[in-house]
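Tertiary structure, described
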Amino acid sequence: MGKKKKKEIIRLDRESVIPVLKNKLIQALANLIEQDQDCADFLTLCKRVEYTIRAWYSLHFEEMMQLYSLFDPIHGATKLEQQNLSPDEVDVLEQKFLEYVFKVMDKSNFKIVTNEEIEVALSGKYRLNLPIKVDESKLNKRLLRRYFAQHPHENLPYFADQYIIFRRGFGMDQMSGYFITWKVDTIISRIWHGFLRLAGLKRCFSNRRRLRYTKNDEQPGGNCSDDEEDDLFVERVRIQNMRFSTCNFLSKVTIQEPTFEKIIIIYRLNPATIDSRVLNSRGVYVKHFRNIPMADMEIVLPEKKNPGLTPLDWVKFLVSAFIGLITVLTQVLKANANIRVIAAVGSGVIGYFAKTYFTFQKNLGDYQNLITRSMYDKQLDSGRGTLLHLCDDVIQQEVKEVILAFFVLMQQGEASRKDLDKRCEEIIQHQFNESCDFDIIDAIQKLEKLGIVTRDSEGRYTCVGLRRANEIIGSTTEELVIQAERSSSSDYLP
């Protein structure tokens, strides 16, 4: 890979989600239990914990799905008419629906994207090389504005009244190629910025300072807090930050960009801009994407405007035309005008115009292809499908947290909340080579609600035995149904 001009290291917060499949986690923990009977009792307990947690959330999820049926963008209008509700009653129901959705998001460990994260994500370019903006006139601002007025949140992004973006998990995307066009554009851009610097105009065209970067070779040192030491640091490799030589300019290079593993966006369209005969004017859009490069996050934005030339492109056009015109007029006014100089300047200006235009057309084609691919490859689901996925995700995460915390107490004995948190994270690291910020508070709350752990006066937690834990939870409805099906099946056997 070409020698890099400088490094861009992005600090990412550790996620609370356990990055291990539930069945894989349970089987790995069961294999660590020596006694066969204890192993069988542990597997029974895991099933009962899952059945019980699923029952806890069942009514909440069912009500959320019923509310969504009223605000489905396609079919919700008909159901709202059948309910014969007043506008105020509909307002109450839509706010209640959003309350359920935000709670599910929180339980699924999704976080609202902040302004700081937006700044970092959009401070670079990856596949998308055009400025993308949202057509704010097509989005409704009343829905989310009312919700956040009633439910204040910290660090809301500047667009929170129009749409809200949730993210969870991080990954890495890489591309390898020659990228000759990108390299040429980078060289031209450096020449342009050099000209601005010499002319004293760089400050007029410079972007705002980007946040949360650890530039060059800076890494978290001894002065970092405990939270910062646990954070993840990933490198963003871009063409724009490479030093070019004759060798690497013509050779293949690899660039990489951190990705948001999951993104969910929620918004409502402006009723004045849609056909109420086709779409529900009260419809709430919920869209689910995966593996979105941070620098290309604009592809998930709703109601995007068609991209055009940037103001900087127009300035380059005008400055180039002005310089060319002055040079040509100077030569023409001379008694011995140099035709070669006039031709060279004219062809240079025309060539630069053509280069900018064709670069824009290529970027526009790449943008359209990227949007098309994102609809087929990057979008996981939308609407009801996304909500059902989130409901199941909540249950899976809650079950994994409870089972892992109970297993640690069972195998390693009593522990304080801090020690239990550390032990759970160590098991995930040692057994699965994964890391996470284990949500110990939620796990303990569930264990106490199940009645299978106790806390002493010093704040240390102890679990009951496996058999006693199974007795406390008792046979679940699902187990009784399975037993009934087995007994009815045996009656038909000869």
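Keep in mind that this is a model prediction, so the values were computed, not measured. (Residues numbered from 1 in each chain as written. Predicted model: local features only at pLDDT ≥ 70, side-chain atom pairs only at ≥ 80, totals over all residues. Heavy atoms only, no water.)

**Section: the sheet that holds strand 8 (residues 379-382)**
Strand order in this open sheet of five strands is 2-3-6-7-8, and the pairing throughout is antiparallel. Taken across any chain shown, the strands that pair with only one partner, and hence form the sheet edges, are strand 2 (111-112) and strand 8. Direction of pairing for strand 7 (residues 285-293) relative to strand 8: antiparallel, over a ladder of three bridges. Bridging across to strand 8, His 288 finds its partner in Asp 381. Packing against the sheet, helix 13 (residues 384-412) makes contact with strand 3 (163-177), strand 6 (253-267), strand 7 and strand 8, and its axis sits at approximately 100° to strand 8. (Pairing = 2+ DSSP bridges. Helix = DSSP H or I, 4+ residues; strand = E, 2+ residues; numbered from the N terminus. Contact = heavy atoms within 4.5 Å. Axes fitted to C-alpha atoms, helices over the stretch in contact; angles between N-to-C directions.)

**Points about the nonpolar core**
Membership of the largest hydrophobic core comes to 78 residues, with the highest contact counts inside it found for Phe 97 and Phe 438. It is helix 13 that contributes the most residues to this core, 14 residues altogether. Not counting chain neighbours up to four residues away, the residues in contact with Phe 438 comprise Ile 18, Glu 401, Leu 404, Ala 405, Asp 421, Cys 424, Glu 425, Ile 428 and Ala 443. One finds Leu 128, Val 134, Ile 165 and Leu 269 within the second-largest nonpolar core, a separate group that totals 30 residues. (Core = buried A, V, L, I, M, F, W, Y, C linked by side-chain atoms within 4.5 Å. Buried < 20%, exposed > 50% of the residue type's maximum accessible area, 1.4 Å probe, protein only.)

**Thoughts on the pattern of salt bridges**
All chains considered together, the criterion is met by 21 salt bridges. Put simply, Arg 167 and Glu 15 hold a salt bridge, and the shortest N to O gap is 2.8 Å. Of this pair, Arg 167 sits in strand 3 while Glu 15 sits in the loop between strand 1 (8-12) and helix 1 (22-31), placing them 152 residues apart in sequence. Taken as a pair, Arg 167 and Glu 15 share a single burial class, namely buried. A salt bridge links Arg 145 to Asp 161, with the nearest nitrogen and oxygen atoms 3.0 Å apart. With Arg 145 in helix 6 (residues 142-150) and Asp 161 in the loop between helix 6 and strand 3, this residue pair connects regions lying 16 residues apart in the sequence. Each of the salt bridges in this network shares a partner with another, and the network as a whole consists of Asp 91, Glu 94, Arg 142, Arg 146, Arg 268 and Arg 282. (Salt bridge = Lys/Arg side-chain N within 4 Å of Asp/Glu carboxyl O.)

**Some points on helix 14 (residues 417-432)**
Its 16 residues give helix 14 an end-to-end C-alpha distance of 22 Å, which sits within 8% of 22 Å, the value for a rise of 1.5 Å per residue. Among the residues of helix 14, those classed as buried are Leu 420, Asp 421, Arg 423, Cys 424, Glu 425, Ile 427, Ile 428 and Phe 432. Among the structural elements, helix 1, helix 13, strand 9 (415-416) and helix 15 (440-450) are those in contact with the buried residues of helix 14. (Expected span 1.5 Å × (residues − 1).)

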